[in-house]
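Chain residues, written in single-letter form:
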Amino acid sequence: MESLTVIEVLGAHGDVAARYRFAHSGTDRQIRVGRAIHCDVIVDDPRVAAEHLILRCHADGNVTVTDPGSINGLTLNGSRVRGAREERLLDPIIGLGRTRIRVRTLGESLAPEQPVGGIGGRHRKLLLAASGVAALMAFTVFETWLEAPVDLVDALASELLPLTIVVAVWTSVWAMLTRLNLSVWRWLPHLAIASTALVGLGAGNWLLEILAFAAQIRSLPLFKLLGLFLLGAWALYMHVRLATRIRPPRIAVATVILVGSLLGLMTWTHHLSREKDVNVVAELGPILPPTFYLVDGKSLHDFSSGLGALKAEADERRASALRKDPEPEEDRD
């Protein structure tokens, strides 16, 4: 029975840069991969050895990997390996240097065929993006209407026009980054993320203000900062995951560090500016019933008995001050 093995050299965006086809029947087939011209699969990568790995394709369909002695080793079955010897290949993707190859055999499992359209394809992305934009516009109209402007149409135009520009620019930047990294645009998912994040920002702030008024919460800025951190981290994580091939755990760590550092810097700068602003009025204390402010005092008799001693002390201090700095003659008259 004839067996078939295909080796694909992948490009930076995961597309196939080169494809090699090897047919063999009844016996094992050995395939050498490296930079040397005697290799069966030639890889143009300075971080790949002249003969970097040897693939042995067995008649039963299994593939084993051997590293003849490269310096950089291999990324095999999802982990870094040096000096591999007849390691069974479980994951079809192998990393060598900064190049990845994919090993395909007749026993490979293919993903189901993707539909061109329908709810599971582009229509679903369009629905998500349209829902996000509609929610953003509806909330903006509602918030503007609550302010009871003199001219509602002019107020809506002044709110919606800058918002539309911000969303369009933000979506375009991320779509361009996705195009550069993955050779696709992905406009609709980025638009859905941007609009949903802005809706969450506005609606969350509005709800927090209502809850703070109803429950007399004094630590509202802390809750706002926490909500802004979670929302910003989520939006940035989703954008980066769509635009790059970076692993999700690394994206999560980088997102938390970046958003946390940015919010910390903004909070510190805002605190310094408030200290220097003479127009800032300190917050009043919580609104409490009068009984919370009343304290036990002295009786009227005890208070009156101390007035004489208090007057004598005041007269003595005044006389001492006059001896040190007598009053001018005109002031005495």
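Described in the following lines is the structure provided in the data block.

What to know about the overall build of the chain
- Across its full length, the chain carries 8 helices and 11 strands.
- Buried positions account for 24% of the 333 residues belonging to the chain.
- The long-range share in the chain, meaning contacts at least 24 apart out of those at least 6 apart in sequence, stands at 44%.
- Entry remark: accessible area of the chain is about 23,100 Å², with carbon and sulfur atoms responsible for 63%.

Digging into a positive patch on the surface
- On the surface, a cluster of positive charge is contributed by Arg100, Arg124, Lys125, Arg186 and Arg245.
- Mapped onto the secondary structure, Arg124 falls in helix α1 (residues 122–146).
- Judged by relative accessible area, Arg124 falls into the partly exposed class, the value being 47%.

Things to note about the packing of helix α2 (residues 152–182) against helix α3 (residues 187–215)
- Relative orientation of the contacting elements α2 and α3 amounts to 140°, with a least axis distance of 9 Å. The pairing of α2 with α3 is recorded here as oblique in orientation. α2 and α3 meet at a crossing whose hand is right-handed. Facing Leu163, Val167, Trp170, Thr171, Ser172, Trp174, Ala175 and Thr178 of α2, the residues of α3 in contact are Trp187, His190, Leu191, Ala194 and Leu198.
- A class-by-class count of the residues in the contact of α2 with α3 yields 9 nonpolar, 4 polar and no charged.

Some thoughts on the nonpolar core
- Core analysis: the largest hydrophobic core is formed by 21 residues, its most contacted members being Ile7, Val41, Leu53, Leu55 and Ile94.
- For this core, the secondary-structure elements that each account for two or more residues are β1 (2–10), β3 (29–34), β5 (53–57), β6 (63–66), β7 (74–76), β10 (93–96) and β11 (99–105).
- Leave out the neighbours within four places in its chain, and Leu55 touches Ile7, Arg29, Gln30, Ile31, Val33, Val63, Thr64, Val65, Ile94 and Val103.
- One finds Trp174, Ala233, Tyr237 and Val259 within the second-largest nonpolar core, a separate group that totals 9 residues.

Things to note about the layout of surface pockets
- Roughly 760 Å³ of internal volume is contained in the largest pocket.
- Around the largest pocket, the lining is made up of 23 residues, and of these Thr75, Ile93, Arg100, Arg245 and Arg247 lie nearest the centre.
- Those elements that place two or more of their residues in the lining of the largest pocket are β8 (79–81), β10, β11 and α2.
- Here the lining of the largest pocket gets 4 residues from one element, more than from any other, and that element is β10.
- Residue composition of the lining of the largest pocket, by class: 7 nonpolar, 9 polar and 7 charged.

Parameters and conventions
Residues numbered from 1 in each chain as written. Predicted model: local features only at pLDDT ≥ 70, side-chain atom pairs only at ≥ 80, totals over all residues. Heavy atoms only, no water. Helix = DSSP H or I, 4+ residues; strand = E, 2+ residues; numbered from the N terminus. Buried < 20%, exposed > 50% of the residue type's maximum accessible area, 1.4 Å probe, protein only. Contact = heavy atoms within 4.5 Å. Areas by Shrake-Rupley, 256 points an atom, 1.4 Å probe, with all protein chains shown as cover. Patch = residues over 30% accessible without salt bridge, like charges linked within 9 Å, V, L, I, M, F, W, Y side chains within 5 Å. Salt bridge = Lys/Arg side-chain N within 4 Å of Asp/Glu carboxyl O. Lys, Arg positive; Asp, Glu negative; His and termini not counted. Charge placed at Lys NZ, Arg CZ, Asp CG, Glu CD. Axes fitted to C-alpha atoms, helices over the stretch in contact; angles between N-to-C directions. Parallel < 35°, antiparallel > 145°, perpendicular 65-115°, else oblique. Left-handed = near helix turned anticlockwise from the far one by under 90°. Nonpolar A, V, L, I, M, F, W, Y, C, P; charged D, E, K, R; others polar. Core = buried A, V, L, I, M, F, W, Y, C linked by side-chain atoms within 4.5 Å. 1 Å grid on protein atoms, 1.4 Å probe; cavity = no way out; pocket = protein on both sides within 12 Å on 5 of 7 lines; lining within 4 Å. Points joined across faces, edges and corners; volume = space filled by probe spheres on them.

Fair warning: the whole summary comes from geometry, so function is off the table for now.
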